[in-house]
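What follows is each chain in one-letter form.
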Amino acid sequence: MSDRSVSTGVKILGYQVRDLARSRALGGYALALALATWGLVHFGGGTARALPSLATLVVLVVPLVSLLVTTSFVHHGGDFIELLLSHPVGRRPLFLGMYLGLALPLGAAFLAGVLIPLGASGALSTHANGVATVALAGALLTAVFTSLGFVIALRATDPARAMGAALLVWLAAAVLYDGAVLLAAYRWAAYPLETPMLVLMALNPVDVARVLVVMALDASAMMGYTGAIFQDFFGGAVGRALAIACLCAWTIVPAWVAMRDFQRKDF
Amino acid sequence: MIRVRGLTKRFGARAVLEEVDVHFRSGAVTALLGPNGAGKTTLLKCVLGLVRPSEGDVLVEGEPIDPDGSYRHGIGYMPQLPNFPPHMTGLELARMLDDLRDFRGRPDEELIEALDLRAELGEPFRTLSGGTRQKVNAALAFRYRAPILILDEPTAGLDPVASLALKAGVRACRTEGRTVVVTSHNLGDLQTIADHVVFLHEGRVRYDGSLGDLLATTRRSTLQEAIADLMRGSDATSRRETGRDTNEADPERRHLEVVR
Amino acid sequence: MRAVLILLAALQGTQAAPASQGTVATRVVGPGGDHATITEAVQAAQPHDTVVVTRGVYREATVVVDKPLVLRGEDGTVLDGEGARGLLRIVADSVTVSGFTLRDTGISFTEDRAALLVDRAHFCTVRDLRVEDAFFGIYLANSGDCLLEDNTLRARSTRETRSGNGIHLWYSTRVTLRGNRIEGHRDGIYFEFVEDSRVLDNESVGNVRYGLHFMFSDGCDYVRNVFADNGAGVAVMYTSDVLMEENDFRGSLGNAAFGLLLKDITDSEILGNRFRDNSVGIHAEGANRVRVAGNDFLENGWAVKIMANSEGSTIEGNNFLGNSFDVATNSRRSYSDFAGNYWDRYRGWDRDADGVGDVPFHPVRLFSLVVAQNEPALVLQRSPLVALLDLAEQVLPLLTPEDLADPRPRLAPVSTRWGPS
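Fair warning: this is a prediction, and the values are worked out from it, not measured in the lab.

1. Describing the overall build of chain B
Then step 1. A tally of regular secondary structure across chain B gives nine helices and ten strands.
Then step 2. The buried share of chain B, taken over its 260 residues, is 43%.
Then step 3. Once local pairs closer than 6 in sequence are excluded, the contacts in chain B between residues at least 24 apart make up 69%.

This is how it looks when you write it as structure tokens:
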């Protein structure tokens, strides 16, 4: 990308961040997360108890919010995108600016909503590893579902259908997929399932993020598993690195598809 | 100067533009006309790079349009609908566009002065009336003194004073040698400013020539009447082309359907 | 038995009497001392003499202590087995050994080669030894009434077959182990057919197999020890009348690793211990009439796995915090009682504010049954789907053991010596 494209992208990013800061959606998201986290810590009996609940909350809420904010933003911003594209603004810098302008504030809102109450409760020092993992998983999930939100919004031109598709993707990734995995585990219980299970996890970003959290919060249980592959995967840095790499791939590939769609789109 | 060559645009199976060849000259105002759905806006969007042609190409100032959009430095565009971010003020939008265009010159604010828009520019768009938004829309198109001006239904929703000011602006552009393309339903307005007429119907160019020639060949005194003739002719053509009802066609005007 | 012992002691006494006549001599071994080798000094010594070995490295045949002596090494006194032999063998009663560094016995597959072997001897005291790279460290066979205190044993084994146990007791009674630290052996502490012994304030860390391993050893107490990062944790088997109190069991991770494995243990008490970061906190198989009370179970994979062949045990007043699974079992019925524990998963109310929840807590999650049947499903841990299934099962138990419940779950943790968790 040329310098001019980069500077255009950065400008777009700046406008977008200011624009989002002005809308109440992100502040509301951060505040709701902060209230939930604070509630879990204070009424749930401390950080050790709150972290697992928070982890479940994060893998449910972050994908949903990221998807809905992204799809609705892309649709409501349609006219504005058109306006910008009638000026000397390239599509690639515009896309990247918009993408980062959504993913970064969403991620920042998430981190603020979770880390501020946890920090106030002192969890950052007492449960550093657990908190860091939940924060990392949530931040990566934000990026993944911002990418997927762009793909959905750019492919489903009707806002209502895009919203429907976003909800469906969320429901499938957050709940239904795991149900299918569980049924599959029973259906093929007689076979060695370790590797297939890990592959199935890799195919769903929500599961990858959850597995990342499980590695931090349930290492003792995972190490109690009989199979060597799980032991290797959950026992050390390799599994963690693979999970993070997997989430990065889940961010980059859909973002790349979305950018290609955006470059070909007619306004 | 804009040259469109062999431009076809299909949305799915439906062709919105078919093999369009037109030339928007500099130092002239071209009226782009046609009934609703004729493909006027799509053609303009192809020129702006907002819509990707299925076939054919667009040359702006002799150069094929580049994907990074930097050629749009040379274009001022007034879209049909002034859909601006509701919470932004005109001033904020103008500053942002200045920034995005790396515009450091003196902006053309004649329309702003002429329409006394200063106060409204400080208000968020959501508080402005449709007419005022359209004025801001027009002012933004002129702002960068671009060599090419594309105005899509510029007078829709404008009061007579604003309309007159806009037309004055367009005329000034012509004298400065700039290229102006205007679509409008208000043919009366267009007649007073247009040099050229391009008439689109069902995605094809049905007439491309000077306003004077059009009035002469149709033997009409107003653009409105001439266009009405063109439309009847075109309808007749399409009916004939689809194999129905050839009798109503007026043989005297048949030649108008032949473009260039 | 006792009569024989007294007779033996009397015989030794009469043999020693003529030479020393009650005066205690001190012999010095080493350059410039009375003797060049320890063996020579021991042979020359009269019973109850003190043999002081001065600083230096001694390489000589296994020293056999066959009379009651005080054998003391000065700081920096090393007995080197050169990879070929044990260092000290005590075959007489009332021997005190202290201050030596015993190193490099080598590995033997034909004998239980030990740095220090106490063979059929009583009233021994072994103190302040450093045992380095021994096959077996301190080995007591058919002995008793001994004190093993403040010794440090360190081996560098990575494989079970190439290492012996740190402190190994076989057919011994009334032995006290206090303040020893054992690292890198096969089993840190190993008891077989040991009775009425005390294991206090020891640290058994990073051993290849078990930190503590005992079988057929009734009436022993284990108090304030640390068992950490051992390959398979602590295993106790076929024993009754055990007291385990205030020990720290942690870092036993692996598919056959347990903080504490109870196998056929009866009439015993497990009180005030802490189980932390183990794949399984307590695995109980055939644990009958065992009282598990006042313990902290923190961040284990499974806090308690209790098999249906355990009967009449009680699990009360413990804290369960941050475990992936609190309780797992292999039956729909429960033969043990859970009462008055604190469970961090409990979500009940306490409307009468008596500190006890209004509804019972069922600590066996549906998902733990799922995982027991289908282990790879463990990857779904913390899935919202699993949370939903668990919730449904809590509301309407169909598969989990209905009578395995804590009828009086506490709303606040029990205070333990480990402090507020």
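Let's pick the thread back up.
2. A look at the overall build of chain A
Then step 1. The secondary structure content of chain A amounts to 13 helices and zero strands.
Then step 2. Helices (α) and strands (β) of chain A occur, in sequence order from the N terminus, as α-α-α-α-α-α-α-α-α-α-α-α-α.
Then step 3. For 267 residues, the compact-globule estimate of 2.2 N^0.38 gives 18 Å, and the C-alpha radius of gyration of chain A, at 20 Å, lies within 12% of that figure.
Then step 4. Overall, the C-alpha framework of chain A stretches about 60 × 45 × 35 Å when taken along its three principal axes.
Then step 5. For chain A, the proportion of its 267 residues judged to be buried stands at 53%.
Then step 6. Considering only intrachain contacts with a sequence separation of at least 6, the fraction spanning at least 24 residues in chain A is 81%.

3. Concerning the interface of chain A and chain C
Then step 1. Listed by partner, the interface residues are 33 residues for chain A and 29 residues for chain C.
Then step 2. For the side of chain A that touches chain C, the secondary-structure elements that each account for two or more residues are helix 3 (47-76), helix 8 (159-187), helix 9 (194-202), helix 10 (205-217) and helix 11 (219-223) of chain A.
Then step 3. By residue number, the principal contributor to the side of chain A that touches chain C is helix 8 of chain A, which donates eight residues.
Then step 4. When grouped by side-chain class, the residues that make up the side of chain A that touches chain C number 22 nonpolar, six polar and five charged.

4. Things to note about the environment of arginine 127 of chain C
All names here are of chain C.
Then step 1. Structurally, arginine 127 is set in strand 11 (residues 125-127).
Then step 2. The partly exposed category is assigned to arginine 127, around which 17 C-beta atoms lie within 10 Å.
Then step 3. Sequence separation between arginine 127 and arginine 72 is 55 residues, and the spatial gap between their C-alpha atoms is 9.5 Å.
Then step 4. Leave out the neighbours within four places in its chain, and arginine 127 touches Ser98, Glu149, Asp150 and Asn151.

5. Focus: the sheet that holds strand 5 (residues 63-64) of chain B
Residues and elements named next belong to chain B.
Then step 1. Taken in spatial order, the four strands make up an open sheet running 2-1-4-5, and their pairing is antiparallel. Because the sheet does not close on itself, it has two edges, and the strands there are strand 2 (14-24) and strand 5.
Then step 2. For strand 4 (residues 55-60) and strand 5, the ladder comprises two bridges, and the chain directions are antiparallel. Bridge assignment links valine 60 to a residue of strand 5, and that residue is glutamate 63.

6. Concerning the pairing of strand 1 (residues 26-29) of chain C
Residues and elements named next belong to chain C.
Then step 1. Side chains Arg27 and Val29 of strand 1 all project onto a buried face; the interleaved residues Thr26 and Val28 project onto a face where none is buried.
Then step 2. When strand 1 meets strand 2 (residues 50-53), the two strands line up parallel, connected through four bridges. Across the sheet, residue threonine 26 finds its bridge partner in strand 2, namely threonine 50.
Then step 3. At this point the chain moves from strand 1, through helix 2 (residues 38-44), to the parallel strand 2, and the crossover so formed is right-handed.

7. Side note on the environment of arginine 52 of chain B
Then step 1. Residue placement: arginine 52 of chain B occurs in the loop between helix 1 (40-48) and strand 4.
Then step 2. By C-beta crowding, arginine 52 of chain B is classed as partly exposed, having 14 other C-beta atoms within 10 Å.
Then step 3. Separated by 44 residues in sequence, arginine 52 of chain B and methionine 96 of chain B place their C-alpha atoms 26 Å apart.
Then step 4. Contact partners of arginine 52 of chain B, with chain neighbours within four places excluded, come to Arg264 and Asp266 of chain A.

8. Thoughts on helix 2 (residues 90-100) of chain B
Residues and elements named next belong to chain B.
Then step 1. Listed in full, the buried residues belonging to helix 2 are Gly90, Ala94 and Leu97. Buried positions in helix 2, seen along its axis, are confined to an arc of 65° and lie on one side of it.
Then step 2. The secondary structure elements touched by the buried residues of helix 2 are helix 4 (118-121) and helix 5 (130-143).
Then step 3. The first or second residue beyond helix 2 is aspartate 102, which carries a positive phi of 50°.

9. Looking at the confidence of the model for chain B
Then step 1. When pLDDT is averaged across chain B, the result is 84; 90% of the residues are at 70 or more.
Then step 2. Reported confidences for the modelled complex are a pTM of 0.83 and an ipTM of 0.87.

10. Topic: unusual backbone geometry
Residue and element names in this part refer to chain C.
Then step 1. For aspartate 145, which is not a glycine, the phi torsion comes out positive at approximately 55°.
Then step 2. A count of 18 C-beta atoms within 10 Å places aspartate 145 in the partly exposed class.
Then step 3. If you check the backbone angles, aspartate 264 has positive phi at about 50° while not being a glycine.
Then step 4. Within the secondary structure, aspartate 264 sits in strand 28 (residues 258-271).

11. Topic: the pairing of strand 1 (residues 2-11) of chain B
Residue and element names in this part refer to chain B.
Then step 1. Where strand 1 lies against strand 4, five bridges are found, and the strand directions are antiparallel. Within strand 4, the position partnered with arginine 3 by the bridge is leucine 59.
Then step 2. The turn linking strand 1 back onto strand 2 is made up of two residues, and glycine 12 within it adopts a positive phi angle of 65°.

12. Observations concerning the sheet that holds strand 8 (residues 179-183) of chain B
Within a sheet, each strand pairs with its neighbour through backbone hydrogen bonds, oriented either parallel or antiparallel.
Residue and element names in this part refer to chain B.
Then step 1. Taken together, six strands build an open sheet; the order of strands is 6-7-8-3-9-10 and the sheet is mixed. Two strands close off the open sheet at either side, each with one partner strand: strand 6 (75-78) and strand 10 (204-210). Each adjacent strand pair in this sheet contributes to an overall mean axis angle of 15°, direction not counted.
Then step 2. Alignment of strand 9 (residues 196-201) against strand 10, held across six bridges, turns out to be antiparallel.

13. Looking at the interface of chain B and chain A
Then step 1. Of the residues lining the interface, 22 residues belong to chain B; the matching set on chain A comes to 18 residues.
Then step 2. For the side of chain B that touches chain A, the secondary-structure elements that each account for two or more residues are helix 1 and helix 2 of chain B.
Then step 3. Looking at which element gives the most residues to the side of chain B that touches chain A, the answer is helix 2 of chain B, with four residues.
Then step 4. Residue composition of the side of chain B that touches chain A, by class: ten nonpolar, six polar and six charged.

14. Thoughts on the environment of glycine 97 of chain A
Residues and elements named next belong to chain A.
Then step 1. As for its position among the elements, glycine 97 is in helix 5 (residues 91-120).
Then step 2. Between the alpha carbons of glycine 97 and glycine 9 there is a distance of 4.5 Å; along the sequence they are 88 residues apart.
Then step 3. Beyond its immediate stretch of four places on either side in the chain, glycine 97 contacts Gly9, Ile12, Leu13 and Gln16.

15. Some points on helix 8 of chain A
Then step 1. Taking 1.5 Å as the rise per residue, helix 8 of chain A with 29 residues should run 42 Å; its terminal C-alpha atoms sit 39 Å apart, in good agreement.
Then step 2. Taking the largest bend as the criterion, helix 8 of chain A deviates by roughly 45°, centred on alanine 172 of chain A.
Then step 3. Buried within helix 8 of chain A we find Ala162, Ala165, Ala166, Trp170, Ala173, Ala174, Asp178, Val181 and Ala185 of chain A.
Then step 4. Structurally, helix 8 of chain A contributes buried residues whose contacts are with helix 3, helix 7 (128-155), helix 9 and helix 10 of chain A together with helix 4 (384-395) of chain C.

Conventions adopted
- Position numbers for residues start from 1 in each chain and track the written sequence from start to end.
- Working convention: letters from A go to chains and numbers from 1 go to ligands, in the order in which they are written.
- Predicted model: local features are reported for residues with pLDDT of at least 70 only, side-chain atom pairs are reported and counted for 80 or more only, and whole-chain, interface and lining totals are derived from all residues.
- In DSSP terms, a helix is any run of H or I states spanning at least four residues, a strand is any run of E spanning at least two, and both are numbered starting from the N terminus.
- Burial in this document is a count-based property: other C-beta atoms within 10 Å of a residue's C-beta are tallied, and the residue is buried at 20 or more, exposed at 12 or fewer, or partly exposed in between, with C-beta positions derived from the backbone.
- By definition, residues are in contact whenever their C-beta atoms, placed on the basis of the backbone, come within 7 Å of each other.
- Each radius of gyration is computed over the set of C-alpha atoms, and the globule rule expresses the reference value as 2.2 Å times the number of residues to the power 0.38.
- Each residue receives one of three labels: charged for Asp, Glu, Lys and Arg, nonpolar for Ala, Val, Leu, Ile, Met, Phe, Trp, Tyr, Cys and Pro, and polar for the others, Gly being one of them.
- Only strands that DSSP links by at least two bridges are regarded as paired with each other.
- Consider the strands pointing away from the viewer: the crossover is right-handed when the path from the first strand over the helix to the second runs clockwise.
- Arc, as used here, means the arc of the directions from the helix axis to the C-beta atoms.
- Confidence scores labelled pLDDT are given residue by residue by the predictor and lie between 0 and 100.
- Between N-to-C directions, angles span 0 to 180 degrees; the directions come from axes that are lines fitted to C-alpha atoms, helices contributing only their stretch in contact.
- Multiplying one less than the number of residues by 1.5 Å gives the expected span of a helix.
- To get the bend at a given residue, fit one axis to the seven residues ending there, fit another to the seven starting there, and take the angle between those axes.

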